[in-house]
Amino acid sequence: MKKNLIVLDADGCMYLTPCKAIPVLEDAIDMSMLRLLESYKNHPKYPETLSRLDKMFENFDKTKLGVSFHNTDHDLQKDSIKEAALISGKKFSDLVTPENVSAEDKEKMRLIAARALLKMLPPTAEGNHRVSGMMNLEPAFNIDTFKIADFYRKYATIDYSAYGIKRNPAIEKVIQDARKRGDAIGIYTDNSSQNGIQIAKALGYDPKIFDFVYDMFDTGLTKKNNTGWENFQSFLEKRYGPDFDCKKVKFYDDNKLICATAEKNGIASYVVDSQKATRFKKPDPKQTLLACLKNKMSR
């Protein structure tokens, strides 16, 4: 392979945030999994599953169902009041199949059901993406990553160009410098590879400049999970040879937790914002303790 490998996160890293694309993506992901649930309508266990979800929804904290904080076009307080009125006294199953409501309210109620579904289900592993909770929904459904990926790719692939995403100058420079050096460039995303390619195209990058677009369905676990990185390294060894040295990799992400997990697994990581990419540093335990003490004293 080439001298070094630059690996980029996609969402919130390659483009600037906040932006309109993120809440659209999040809702599309949630709705894709609601459709996956509904694909089992004729399964003998479906009524029992809905009843169980009704009980979970009854005890669920409804304040967690609002729009994404990235969605700057919404009045969060006004939306919350309207949503509270829509779901008042309703079961989860009532929201999945609304009756005697307008088309607009029907769409909104189903979206609330979709958000609730993924928030109520525990993920398959700590830090894993919320869609993995679908595998815990009902054993008889035999939901696996392949079924989840099918619905995700079919219903949660969005046209990022429609939402005016703009290049992150920090990552634009990383890409330019890497190409000048002749480094290989890849994308490792907790989204789908299809959306990773959509992002590149919407930002005006030729997808051909990327050696690969690797996603959470390829690894089975997200970048927040150690196993996700172990699987990614296995992928690199298969692609570039068994003697591939992970010291050749530089990884860029806007999420410090993900950067920390990458570091634990021997991958040099850089935390990205709109201004620069900064080499990740582990928090100084003494400074962390001092900050905690100051916080307690200020209460």
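(A) Structural view of the overall build of the chain. Assigned secondary structure in the chain consists of twelve helices and six strands. The buried share of the chain, taken over its 299 residues, is 46%. Restricting the contact set of the chain to residue pairs at least 6 apart, pairs at least 24 apart contribute 71%. By element, 50% of the accessible surface of the chain is carried by carbon and sulfur atoms, the whole surface being about 15900 Å².

(B) Region of interest: unusual backbone geometry. Along the chain, threonine 17 connects to proline 18 via a cis peptide bond; the corresponding omega equals 0°. Relative to the helices and strands, proline 18 is located in the loop between strand S1 (5-8) and helix H1 (21-38). For asparagine 100, which is not a glycine, the phi torsion comes out positive at approximately 55°. Along the chain, asparagine 100 falls in the loop between helix H4 (92-96) and helix H5 (103-120). Positive phi is not limited to glycine here, since asparagine 142 has a value of about 55°. Within the secondary structure, asparagine 142 is located in the loop between H5 and helix H6 (145-155). Residue asparagine 142 is classed as exposed on the basis of its relative accessible area, which comes to 55%.

(C) Looking closely at the pairing of strand S3 (residues 212-215). With four bridges joining them, strand S2 (residues 184-189) and S3 adopt parallel strand pairing. Paired with tyrosine 188 across the strands is tyrosine 214, a residue of S3. Handedness of the crossover is the feature at issue here: the chain leaves S2, passes through helix H8 (residues 193-202), returns alongside S3, and the resulting connection is right-handed.

(D) Highlighting the sheet that holds strand S6 (residues 277-279). Spatially, the six strands line up as an open sheet ordered S3-S2-S1-S4-S5-S6, and their pairing is mixed. Each edge of the open sheet carries a strand with a single partner, namely S3 and S6. Recorded for the sheet is a direction-independent mean angle of 25° between the axes of neighbouring strands. With four bridges connecting them, S1 and S2 associate as parallel partners. Counted as the bridge partner of leucine 8 is isoleucine 187 from S2. Running over the sheet, helix H7 (residues 169-181) touches S1, S2, strand S4 (249-253), strand S5 (268-272) and S6 and is turned about 160° from S1. Contacts between helix H11 (residues 256-264) and the sheet are confined to S4, S5 and S6, with S5 contributing the most and set at about 170° to the helix.

(E) Representation of the nonpolar core. Judged by nonpolar contacts, the single largest core of 69 residues is most densely connected at Leu37, Phe92, Leu117, Met134 and Phe210. Here this core takes ten residues from H1, the largest share from any one element. Non-local contacts of leucine 117, meaning those with residues more than four positions away in its chain, are made with Met33, Leu34, Leu37, Leu53, Phe92, Met134 and Leu137. If you look at the next biggest cluster of nonpolar residues, it comprises 17 residues, including Phe212, Phe244, Phe251 and Ile258.

(F) Quick look at the pattern of salt bridges. Applying the stated criterion across every chain yields a total of 15 salt bridges. Measuring nitrogen to oxygen at the nearest pair gives 2.8 Å for the salt bridge that ties arginine 130 to glutamate 26. Within this pair, whereas arginine 130 is found in the loop between H5 and H6, its partner glutamate 26 is found in helix H1, the two being separated by 104 residues in sequence. According to the relative accessible area criterion, arginine 130 is partly exposed, its value standing at 22%. For glutamate 172, the salt bridge is made with arginine 167, and the minimal N-O distance between the two is 3.0 Å. Given a relative accessible area of 27%, arginine 167 falls into the partly exposed group. Put simply, Asp9, Lys223 and Asp253 are held in one network by salt bridges that share partners.

(G) Representation of the side chain of serine 192 within the structure. Of note, serine 192 is situated in the loop between S2 and H8. Judged by relative accessible area, serine 192 falls into the buried class, the value being 0%. At 3.2 Å, the side chain of serine 192 and the backbone nitrogen of asparagine 195 are in polar contact. Ignoring sequence-local partners within four residues, the contact set of serine 192 consists of Tyr152, Arg153, Thr157, Asp215 and Phe217.

(H) Representation of the pairing of S5. Of all five residues that make up S5, five are buried, and the element is covered over most of its length. The alternating pattern of S5 places Ala268, Tyr270 and Val272 on one face and Ser269 and Val271 on the opposite face, and all of these are buried. Handedness of the crossover joining S4 and S5 through H11: right-handed. As paired elements, S5 and S6 share three bridges and run antiparallel to each other.

(I) Quick peek at the environment of glutamine 194. On the secondary structure map, glutamine 194 appears in helix H8. A sequence separation of 21 residues divides glutamine 194 from aspartate 215, and the C-alpha atoms of the two residues are 9.0 Å apart. In this structure the side chain of glutamine 194 is engaged in a polar contact, spanning 3.2 Å, whose partner is the side chain of arginine 153.

Reading the values: rules and limits
Residues numbered from 1 in each chain as written. Predicted model: local features only at pLDDT ≥ 70, side-chain atom pairs only at ≥ 80, totals over all residues. Heavy atoms only, no water. Helix = DSSP H or I, 4+ residues; strand = E, 2+ residues; numbered from the N terminus. Buried < 20%, exposed > 50% of the residue type's maximum accessible area, 1.4 Å probe, protein only. Contact = heavy atoms within 4.5 Å. Areas by Shrake-Rupley, 256 points an atom, 1.4 Å probe, with all protein chains shown as cover. Pairing = 2+ DSSP bridges. Right-handed = clockwise from strand over helix to strand, strands pointing away. Axes fitted to C-alpha atoms, helices over the stretch in contact; angles between N-to-C directions. Core = buried A, V, L, I, M, F, W, Y, C linked by side-chain atoms within 4.5 Å. Salt bridge = Lys/Arg side-chain N within 4 Å of Asp/Glu carboxyl O. Polar contact = N/O pair within 3.5 Å; in protein donor to acceptor, adjacent residues only side chain to side chain.

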